[in-house]
Amino acid sequence: MEKAAHPKAVWWLAFFCFVEASFFPIPPHPLLGLMCLAEPRKALRFSLIATLASVAGGLFGYAIGYLLFDAVGVPLLTAIGLIDSLPAAQCTFEEYGVFAVVIAAATPVPFKLLTITAGFLGMAIVPFVLASLAGRALIFVTVGVLFQVFGRPIKRIIDRYLGTVTTAFVVLVVGGVLAITQLGGGEEDDPCAAHPQSSVSVPAR
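First, a word on what this report is: a plain description of the structure on this page. Every value quoted in this text rests on a predicted model; they were computed, and no experiment measured them. (Residues numbered from 1 in each chain as written. Predicted model: local features only at pLDDT ≥ 70, side-chain atom pairs only at ≥ 80, totals over all residues. Heavy atoms only, no water.)

## Let's talk about the overall build of the protein chain
Step number 1: When you go through the protein chain residue by residue, the secondary structure sums to 10 helices and zero strands.
Step number 2: Here the protein chain holds 205 residues, and 38% of them are scored as buried.
Step number 3: Long-range pairs, those at least 24 residues apart, make up 77% of the contacts in the protein chain with a sequence separation of at least 6.
Step number 4: For the protein chain, the accessible surface area stands at approximately 11,000 Å², while carbon and sulfur atoms represent 69% of it. (Helix = DSSP H or I, 4+ residues; strand = E, 2+ residues; numbered from the N terminus. Buried < 20%, exposed > 50% of the residue type's maximum accessible area, 1.4 Å probe, protein only. Contact = heavy atoms within 4.5 Å. Areas by Shrake-Rupley, 256 points an atom, 1.4 Å probe, with all protein chains shown as cover.)

As structure tokens, this is what we get:
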């Protein structure tokens, strides 16, 4: 709340969005909401800044995973309590590819885990950036547009329903993709089912 009222609040917003996407454990959504609440006419601008800063932070997380995974990535994920989720994140990428980034960017899944994992696995950079933009815009720009159009009264609705609505939307999209790709498939085609607790391995670069 203190940072939301700061004269340089936009810079604080960009900073928190950047670090949250790469290593900081606290999400920037409350700060964005408070800033939009204070100045609804600038809400869309705030949300666009949050989106772009978060994608930039995602690229930093990608670089950590790609260049410094052992030296920085592993200790970092251990420090923020996400190291045990790394095998599941790798498996998610193997199954869903680019959709894994969209899911993490638009839902409560820790985005930093997927950005570091994307770099570790050597995901193509252009699809990574586009997926990050899509997911972050879905959650941030939606808030900005709602405040821009409806002003302060929309805060109560956002607080209660935004997470549910965006998560449901992503579930529907992913569910549709899975329904198409998994037709005729079985459990033997699922790499996660075969090795649910498998350790991560360094991919060829």
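## Some details on helix 8 (residues 125-150)
Step number 1: Over its 26 residues, helix 8 extends 36 Å from the first C-alpha to the last, a length consistent with the 38 Å expected when each residue adds 1.5 Å.
Step number 2: At A137, helix 8 shows its strongest bend, of approximately 40°.
Step number 3: Of the residues making up helix 8, those classed as buried are F128, A131, S132, G135, R136, I139, F140, V141, V143, G144 and F147.
Step number 4: Taken from the residues just after helix 8, G151 is the one with a positive phi, measuring 75°. (Expected span 1.5 Å × (residues − 1). Bend = angle between axes of the 7 residues up to and from the residue.)

## Digging into the pattern of salt bridges
Step number 1: In this structure the tally under the stated criterion is three salt bridges.
Step number 2: One salt bridge in this structure joins E20 and K112, with 3.8 Å as the shortest N-O distance. Placement of the pair is E20 in helix 1 (residues 9-20) and K112 in helix 7 (residues 111-120), with a sequence separation of 92 residues.
Step number 3: With a relative accessible area of 5%, E20 lands in the buried category.
Step number 4: Accessibility expressed as a relative area gives 4% for K112, which makes it buried.
Step number 5: Residue K42 is joined to E39 by a salt bridge in which the shortest nitrogen-to-oxygen separation is 3.2 Å.
Step number 6: On the accessibility criterion, K42 (36% relative accessible area) is partly exposed.
Step number 7: Taken together, the shared-partner salt bridges in this structure form one network comprising E20, K112 and R136. (Salt bridge = Lys/Arg side-chain N within 4 Å of Asp/Glu carboxyl O.)

## Observations regarding the packing of aromatic side chains
Step number 1: Going through the model one piece at a time under the given rule, you end up with eight aromatic pairs.
Step number 2: In this structure an aromatic cluster arises from ring pairing among W12, F15, F16 and F24.
Step number 3: Of note, R136 hangs over the ring of F111, and the distance from its end group to the ring centre comes to 4.5 Å. (Phe/Tyr/Trp six-rings, centres within 6.5 Å; stacked < 30°, edge-to-face > 60°. Lys NZ or Arg CZ within 6 Å of the ring centre and 35° of its normal.)

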